[in-house]
Amino acid sequence: MDILTHLADGFANVLTPTVVLAMFGGTIMGVLIGALPGLSATMGIAVLIPFTFGMQPLIALGLVAGIYNGAMYGGSIPAILLRIPGTPAGIATVFDGYPMTRQGRARLALRVSLYSSAFGSFVSALCLILLSPPLAALALKFGPAQFFWLAIFGMLCITSVLGGSLSKGMIATCAGLLMGLVGIDQITGAERYTFGAPYMLSGFSIIVVLTGLYAIPPALELVEKALRVSGNDLVTGKQADDAFFMRSLLPVWLRSSVIGVIVGIMPGAGGNIAAVISWNEARRRAKEGDRYGDGEPKGIAAAECANNADTAATLIPALTLGVPGSAVAAVIMGVLLVHGLRPGPALFRETAEITYGFMIAMGITALMMIPVGLFGSRLFINALRLPPLLLAPGIVVLTSIGVYTVGNSILDVWTMLIVGLVGYAMEKLQIPTAPAVLAVILGPMAESELRRALLISGDDPAIFFTGVVNWVFILLIAVMLALPFLNRRGKRHNMIENEKVET
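Position numbers for residues start from 1 in each chain and track the written sequence from start to end. Under the rules for a predicted model, residues below a pLDDT of 70 receive no local features and side-chain atom pairs below 80 are neither given nor counted, while totals for whole chains, interfaces and linings still include all residues. As a rule here, side-chain values cover all heavy atoms of the structure and leave hydrogens and water aside.

This brings us to the overall build of the protein chain. Helix and strand assignments come from DSSP, with helices taken as H or I runs of at least 4 residues and strands as E runs of at least 2, each series counted from the N terminus. Assigned secondary structure in the protein chain consists of 24 helices and two strands. Any residue under 20% of the maximum accessible area for its type is buried, any over 50% is exposed, and the rest in between are partly exposed; the area is computed with a 1.4 Å probe on protein chains only. Here the protein chain, with 503 residues, has 55% of them falling under the buried criterion. We call two residues contacting when some pair of their heavy atoms lies within 4.5 Å. Within the protein chain, contacts between residues separated by at least 24 positions form 79% of all contacts whose residues are at least 6 apart in sequence. Within the structure as shown, the protein chain displays about 22,000 Å² of accessible surface, and the carbon and sulfur contribution to it stands at 68%. Residue exposure ignores everything except the shown protein chains as possible cover, and the areas themselves are Shrake-Rupley values with a 1.4 Å probe.

Structure representation (structure tokens):
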């Protein structure tokens, strides 16, 4: 009964004109922030903190909820239209989003992304409200060994996006791992591959690498091929048909929401891992005729739904235990502290009306994304009507501004341009860039958690094989390793059967 009372009080506090206006304004701001490559929800909320000092706590938190949800959806817009992930979690959206744009189905791709994002965010908010205490207790069971297996599992998902050549995919993966090792060793504090340059001490920023690999090559291709997308191609797909089509995505949404929520609860995992795992799972379950990686709407639905289902779920350990599971959760904790709200069990007992109001705001802003996205898609899609020779430098300028604002360093811009040239060369050699990006993210995590676990256990490898959670990941990894061989064997069997039928 206490929970129902707190929910009723939370709704009464949230559904006031000032809070509703703050949530709607925050959603618009978040979509714009996410749509600008290089910017993120973390940065948007961090910049907002000084401006919330004079606000009432729930107004500030409603604004934060809108920015958070809006930015996670906004990252899919440049990923679909320009093959530039607006946020790191948007990388999996590129796999099918940009091919759909090249096929003249950009508007449908944006709608799939919008509804998938709203569904995932809303489910995540429900889990935040209803399942915070038990799920936070589960997250407490994760230690270095569990995070190591999680990173390895995520790395194996790379094999699903390698394309045709396994060797070229491994080259990209190794390049990403090498980039991920640059900087100060997290365990010993020693410098690695810095060559005495102070700039290299912090390693390669994932935003810089991501933007370079996914923004510069398309711009160079636009100049090289003078690519044009006609206005008629952009509006294919009638809105009347969308409702039926979206209902067909419901199984993908349900499965991806579960994946996103589970990954979101794990501190340090993030929406990028959730999106890739979900896309990989959807591809594994693909039916005849599905074209994952070549413009399959279900691929966008899986990636965006899981990515956004991570949002509120990552706040579960932050709000209930005071342990931020991600960078954006840590920034949101800062907003709470600024307004005299201390994260932890006392948050639900002493300021329940504000806490539940914030969780409700996460759900309401998820629904607010739909009208904002439907109106905004008409504006965003006009970017493709620009002549390529104008669009290409515009992409470079916007990405340079976004990257510069991350660290206020011109060296980040030069690094982005160099990485972009490398990415352009990789594409010419048909070496996939996605494995490199994922290796930059997951490689350092796997290394640091491996060494941390061995330090805790006194170099006893048995720590990796103790506990139910470890064995769950080990079994999942074994299944992932076996699937390519089973699929290859199945295809060979089908070819033999077809030959017998023909003869």
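Here we come to helix 22 (residues 410–428). What a helix is expected to span follows from its residue count: subtract one and scale by 1.5 Å. For helix 22, built from 19 residues, the straight-helix expectation of 27 Å at 1.5 Å per residue is met to within 8% by its first-to-last C-alpha distance of 28 Å. Those residues of helix 22 not exposed but buried are Asp412, Val413, Thr415, Met416, Val419, Gly420, Gly423, Tyr424, Met426 and Glu427. Pairs of N or O atoms are called polar contacts if they sit within 3.5 Å, as long as, within protein, a hydrogen donor faces a hydrogen acceptor (for residues adjacent in sequence, only side-chain-to-side-chain pairs). Sitting at the amino-terminal end of helix 22 is serine 409, which places a side-chain oxygen 3.2 Å from the backbone nitrogen of leucine 411. In the stretch just after helix 22, glutamine 430 is the one whose phi turns positive, near 60°.

Mapped onto the fold, histidine 6 is located in helix 1 (residues 2–14). Histidine 6 sits in the partly exposed class, given a relative accessible area of 24%. Distance in space between the C-alpha atoms of histidine 6 and tyrosine 356 is 6.5 Å, their sequence separation being 350 residues.

Centres within 6.5 Å are what make two rings of Phe, Tyr or Trp a pair, Trp counting through its six-membered ring; a difference in plane orientation under 30 degrees is then read as stacked, over 60 as edge-to-face, and the rest as tilted. As enumerated under the stated definition, the model contains seven aromatic pairs in all. Following the ring pairs from residue to residue traces out a cluster consisting of Phe148, Trp149, Phe464, Phe465 and Trp471.

Position of threonine 311 among the secondary structure elements: in helix 16 (residues 297–313). At 2.6 Å, the side chain of threonine 311 forms a polar contact with the backbone oxygen of asparagine 308. Once residues lying within four places of it in the same chain are set aside, the contact partners of threonine 311 are Tyr68, Asn69, Met72, Ser121, Ser124 and Met362.

Moving on, we get to a nonpolar patch on the surface. In this analysis, a patch consists of residues with relative accessible area above 30% that form no salt bridge, clustered at 9 Å for like charges and at 5 Å for the nonpolar side chains Val, Leu, Ile, Met, Phe, Trp and Tyr. For this document, the term salt bridge refers to a Lys or Arg side-chain nitrogen within 4 Å of an Asp or Glu carboxyl oxygen. Together, Phe122, Leu126, Leu130, Leu131 and Leu367 make up a nonpolar patch on the protein surface, roughly 420 Å² of accessible area in all. A total of three residues in the nonpolar patch trace back to one element, the largest contributor, which is helix 7 (residues 106–130). Tracing the chain through its elements places leucine 130 in helix 7.

A side chain with one charge may pair with a side chain of the opposite charge, provided their charged atoms come close. In total, this model carries five salt bridges according to the counting rule given. In this structure, arginine 452 and glutamate 449 form a salt bridge, with 3.3 Å as the shortest nitrogen-oxygen distance. With arginine 452 and glutamate 449 both in helix 23 (residues 434–457), this residue pair falls three residues apart, about one helical turn. Each of Asp185, Arg192, Glu447 and Arg451 takes part in salt bridges that share partners, so that together they form one network.

Below, the discussion takes up helix 4 (residues 57–74). Taking 1.5 Å of rise per residue, the 18 residues of helix 4 would be expected to cover 26 Å, and the 25 Å separating its terminal C-alpha atoms lies within 8% of that figure. For helix 4, the buried fraction is high: 17 of the 18 residues fall into the buried class.

Let us now look at the environment of asparagine 470. Its place among the elements puts asparagine 470 in helix 24 (residues 468–502). For the pair asparagine 470 and leucine 150, spaced 320 residues apart in the sequence, the C-alpha separation amounts to 8.9 Å. Discounting residues that sit within four places of it in the chain, asparagine 470 has contacts with Ala145, Gln146, Trp149, Ile463, Phe464 and Phe465.

Unlike most non-glycine residues, phenylalanine 195 shows phi in positive territory, near 55°. Structurally, phenylalanine 195 is set in the loop between strand 2 (191–192) and helix 11 (206–225). On the accessibility criterion, phenylalanine 195 (78% relative accessible area) is exposed.

So, about the packing of helix 6 (residues 91–102) against helix 16. A pair of packed helices is captured by two measures, namely the crossing angle of their axes and the spacing between those axes. Only the stretch in contact is used when fitting a helix axis, every axis being a line fitted to C-alpha atoms; angles between N-to-C directions are given from 0 to 180 degrees. Where helix 6 contacts helix 16, the two axes come as close as 8 Å, and the packing angle between them is 150°. At the point where helix 6 passes helix 16, the crossing takes the left-handed sense. Contacts from Ala92, Thr93, Asp96, Gly97 and Met100 in helix 6 reach Pro297, Gly299, Ile300, Ala303 and Glu304 in helix 16. Considered class by class, the residues forming the contact of helix 6 with helix 16 number five nonpolar, three polar and two charged. Here a crossing is taken to be left-handed if its near helix is turned anticlockwise relative to the far helix by less than a right angle, and right-handed if that turn runs clockwise. Gly counts as polar in this scheme, as do all residues outside two lists: the nonpolar Ala, Val, Leu, Ile, Met, Phe, Trp, Tyr, Cys and Pro, and the charged Asp, Glu, Lys and Arg.

With that settled, consider the environment of glycine 66. Within the secondary structure layout, glycine 66 lies in helix 4. The class of glycine 66 is buried, set by a relative accessible area of 0%. Along the backbone, glycine 66 and alanine 366 are 300 residues apart, and their C-alpha atoms lie at a distance of 7.9 Å. Glycine 66 has contacts with Met23, Gly26, Thr27, Gly30 and Thr365, leaving out every residue within four places of it along the chain.

Running from N to C, helix 6 and helix 7 point in directions that differ by 150°, and their axes come no closer than 7 Å. Of the possible angle classes, the one that applies to helix 6 and helix 7 is roughly antiparallel. Listed contacts from helix 7 to Gly97, Met100 and Thr101 of helix 6 are Ala106, Leu108 and Ala109. In terms of residue class, the contact of helix 6 with helix 7 is built from four nonpolar, two polar and no charged. With respect to orientation, any angle under 35 degrees is reported as roughly parallel, any angle over 145 as roughly antiparallel, any angle of 65 to 115 as roughly perpendicular, and every other angle as oblique.

Everything listed here is a matter of geometry and, on its own, says nothing about what the molecule does.
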